[in-house]
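The residues making up each chain are set out below.
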Amino acid sequence: MRNFLFLATLLAAFAIALPAQTKPSAKPPTVAEAQAFIDTANADLLKLTNEDQQAHWVEETYITDDTESLAAQADTRLLARTNELVIAARRFDGLQMPPSLAREFLLLKLNGSPTDPKLLEEMSLLGAQLDGMYGKGKYCPPGKPCVGVDTVQVTMQESRDPQELLDTWVGWHKIAVPMRAIYPRFMELQNEGAREFGYKDEGQLWRAGYDMTPQQFSEEVDRVYQQLQPFYKELHAYVRSRLIAKYGDVARRPDGMIPAHLLGNMWAQEWDNIADIVTPSDTQQPYDIGQLLVARHTDALGMVHYGENFYKSIGFPALPDTFWQRSQFTKPRDRDVVCHASAWDVDSDRDVRVKVCLFPNDTDFTTVHHELGHNYYQMAYRNQPFLFRNGANDGFHEAIGDSIALSITPTYLKQLGFINQMPPESADIPLLLRQAMKKVAFLPFGLLIDKWRWQVFDGTIKPADYNKSWWALREQYQGVAPPVDRTENDFDPGAKFHIADNVPYMRYFLARIYQFQFYRAMCRASGYTGPLYRCSVYGSKEAGDKLATMLAAGQSQPWQLTLKQMTGEDHLDASAMIEYFQPLTTWLHEQNVKNGVTPGWTVAADPLKAK
Ligand code: X8Z
Ligand code: ZN
């Protein structure tokens, strides 16, 4: 889970003497000196990043005060050295150099943490503490054992008892209350670092990593969301009417919003777990992957082998032995760990791992493919200079595994022997509906998380308004409302992993779009010509070669170029996603018209002003 930018948000600076070649000198620097400087930077960052990864791996798989402290110390060392390098790199400003070298400087400069060692140390420790608080978070139902996020999420997925869902929702959200005391300081320290390095605030630094201006980036994500919003609203309206049919008044709100605890997910971010509730009664889901896994006695390891087998089928290598020896596949019984799934690149070479707490269900089967996408990306770009060992942008990294998981179609499941015969064509709509509940339902959530954080960083949202501003965005974008009254004693953002762990989130919004672009390109490369949603590239070396070429480029060129080489498109483009879901879009609209349901909801004027 190496994320350079993310780590840069976590560290402090020590006054270490600069290496000789970085000391300012009167003579203008040469390209050879610039190259030597970048070589040193790559070597130092490689070493410190690997040490940092080791410390974080131990912390997240064994949370204690000591491991938190060790992880914070490793962050501090890496961020301090990064700061030094960014400052020293200024010596080469204005020097004409080959594009690839110039890009390494550009990427290096997308970093900036407080240079005061005390502040850097403080920031690192707060970051590690927030991560630990989330990992240790538990809900203790009365008279039952306390459970962590992996188990509460299974309850949200499987329970159809509204009271149990409500209790679990409320219980889990309590884990974040103590974070509220330290979160404002953590955000302030990140801003401090960003400002020292010339950014307006940390949010602007986060938005600067996309080969366009931060302003253009914000406009770009809004533009694409506008294209898809009508589809989301149709889905929302349809799902709401089905929830009312199932739960009655519990699901009904006069403002047209959906209570957040009924959507099969703790954060109401993906809704596919309630596919059973929304599938029309005259049809059915042709299969449930979770049930198939259970029937076949497939355990966590078996699920990961299915994932690896897919990548191998398109020409990727087997995972290294160390992957199998060092990964965490299930939750250990005897200690606190961060269960939120992640993929790791511990030595920036072949020591890749996943850290997951798998259950045999459909969500986790997709997650396996998602995480392995990260690992195959990491191994594919390992021959690049260290500064290029990253996704073309972070949205690419998140999209690879998902673009593979789109190939988990009936054709693929039949090839694996999961099902004996192909479902009839009439199963297309239920299957597409399930897929939309996962992919389309996520879009506003994927967008709003960082809309909230960007506004916290730029000061529009003050600590006193954290919770109401969070819900204002969730209501505005998702049309989802809290199931019980919330107050400013709560800190509901912190109940979501990426807020507590400080992982930028717009990457997932981007990935929801890119994955369909990648998938369409792979389907075309494989020679497939039928409806997009039925395509599986399992076994296609042509599709695999196309993907492998993109992965090997890492971050060595602007992502627009990498995208163009892969797909022929040079921008974030919703057309593949729209093509994929086309039959469902028509169907949903017809259902809503037939049922007299008008898409949309009303939100309170402006909760921040109505204080
Ligand atoms: O965090 C993840 C992955 C790890 S990078 C499991 N995802 C986001 C989330 O769970 O909120 C994947 C989809 C969105
Ligand atoms: Zn991911």
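The structure presented is a predicted model; accordingly, all values stated were derived computationally and were not measured. (Residues numbered from 1 in each chain as written. Chains lettered and ligands numbered in written order. Predicted model: local features only at pLDDT ≥ 70, side-chain atom pairs only at ≥ 80, totals over all residues. Heavy atoms only, no water.)

K.L.:
It is not clear to me how the packing of aromatic side chains should be interpreted in this structure. Could you clarify?
P.N.:
The way to describe two aromatic rings as a pair is by their centre distance and the angle between their planes. Under the criterion given, the structure shown has 50 aromatic pairs. Measuring from centroid to centroid gives 6.0 Å for F442 and Y505, while their planes differ by 40 degrees, and the two rings are tilted. Here F442, found in helix α19 (residues 442-457), pairs with Y505, found in the loop between α21 (497-500) and α22 (506-525); they are 63 residues apart in sequence, far enough to count as distant. As far as burial versus exposure is concerned, F442 and Y505 are alike and both buried. An aromatic cluster is present here, built from F231, F516, Y519, Y533, Y580 and F581 joined pairwise through their rings. In this structure, R335 is placed above the aromatic ring of Y62, and the distance from its NZ or CZ to the ring centre is 5.7 Å. (Phe/Tyr/Trp six-rings, centres within 6.5 Å; stacked < 30°, edge-to-face > 60°. Helix = DSSP H or I, 4+ residues; strand = E, 2+ residues; numbered from the N terminus. Buried < 20%, exposed > 50% of the residue type's maximum accessible area, 1.4 Å probe, protein only. Lys NZ or Arg CZ within 6 Å of the ring centre and 35° of its normal.)

K.L.:
Explanation requested: the site of ligand 1 in the structure shown.
P.N.:
As a matter of local geometry, ligand 1 sits amid 13 residues, with Q269, H340, K496, H498 and Y505 nearest to it. Between K496 and ligand 1, the recorded distance is 2.7 Å, taken from a side-chain N or O atom to an oxygen atom. The contact in question runs from an oxygen atom of ligand 1 to an N or O atom on the side chain of H498, over 2.9 Å. Alone, ligand 1 offers 370 Å² of accessible surface; in the complex the protein occludes 87% of this. Sorting the residues of the shell around ligand 1 by element identifies α15 (362-380) and α22 as the ones contributing at least two each. When residues of the shell around ligand 1 are assigned to their parent elements, the largest contribution, three residues, is made by α15. For the shell around ligand 1, the residue count by class is four nonpolar, five polar and four charged. (Near = heavy atom within 4 Å. Polar contact = N/O pair within 3.5 Å; in protein donor to acceptor, adjacent residues only side chain to side chain. Areas by Shrake-Rupley, 256 points an atom, 1.4 Å probe, with all protein chains shown as cover. Nonpolar A, V, L, I, M, F, W, Y, C, P; charged D, E, K, R; others polar.)

K.L.:
I keep staring at the side chain of S536 and nothing clicks. Help me out?
P.N.:
With respect to the element layout, S536 can be found in the loop between α22 and α23 (541-553). A distance of 3.1 Å separates a polar atom in the side chain of S536 from the backbone oxygen of S407. Side-chain polar atoms of S536 contact the backbone nitrogen of Y538, separated by 3.2 Å. Sequence-distant contacts of S536, defined by excluding residues within four places in its chain, comprise F310, S407, T409 and Y412. (Contact = heavy atoms within 4.5 Å.)

K.L.:
Where do I start with the nonpolar core in this structure?
P.N.:
Generally speaking, a soluble globular protein has its nonpolar side chains buried in company with each other. Residues V239 and W271 are the most contacted members of the largest nonpolar core, which totals 163 residues. Residue contacts for W271: discarding those within four places in its chain leaves Y232, L235, H236, V239, I258, L263, M437 and A441. (Core = buried A, V, L, I, M, F, W, Y, C linked by side-chain atoms within 4.5 Å.)

K.L.:
Help me understand unusual backbone geometry in this model?
P.N.:
Leave glycine aside and you will find that most residues have negative phi; peptide bonds, for their part, are mostly trans. Its identity as a non-glycine residue notwithstanding, D211 has a phi of 55 degrees, on the positive side. Turning to its location among the elements, D211 is positioned in the loop between α9 (202-207) and α10 (214-247). The partly exposed category is assigned to D211, whose relative accessible area is 27%. Of note in the backbone geometry, N502 takes a positive phi value of approximately 60 degrees without being a glycine. Tracing the sequence through the fold places N502 in the loop between α21 and α22.

K.L.:
Sorry if this is basic, but what is going on with the environment of Q421 here?
P.N.:
Examined against the element boundaries, Q421 turns out to sit in the loop between α17 (410-416) and α18 (428-439). Its relative accessible area of 63% is what places Q421 among the exposed residues. Q421 sits 265 residues away from M156 along the chain, and the two C-alpha atoms are 31 Å apart.

K.L.:
Would you mind going over the pattern of salt bridges with me for this structure?
P.N.:
Scanning the model with the defined rule gives 36 salt bridges in all. Between K109 and D93 there is a salt bridge; the shortest N-O distance is 2.3 Å. With K109 in the loop between α4 (99-108) and α5 (117-136) and D93 in the loop between α3 (65-89) and α4, the pair connects residues that are 16 residues apart, well separated along the chain. Under the relative-accessibility criterion, K109 is labelled partly exposed at 26%. Here D93 falls in the partly exposed class, since its relative accessible area comes to 47%. In this structure, a network of salt bridges that share partners links the residues R180, D465, K468 and E488. (Salt bridge = Lys/Arg side-chain N within 4 Å of Asp/Glu carboxyl O.)

K.L.:
So what exactly am I meant to see when it comes to α23 here?
P.N.:
Two residues of an α-helix separated by three or four positions point the same way, owing to the 3.6 residues in each turn. Over its 13 residues, α23 extends 19 Å from the first C-alpha to the last, a length consistent with the 18 Å expected when each residue adds 1.5 Å. Of all the residues in α23, the buried ones are A543, G544, L547, M550, L551 and A553. In this structure, the buried residues of α23 make contact with α15, α16 (394-405), α22 and α24 (559-567). G554 sits one or two positions beyond α23 and adopts a positive phi of about 50 degrees. (Expected span 1.5 Å × (residues − 1).)

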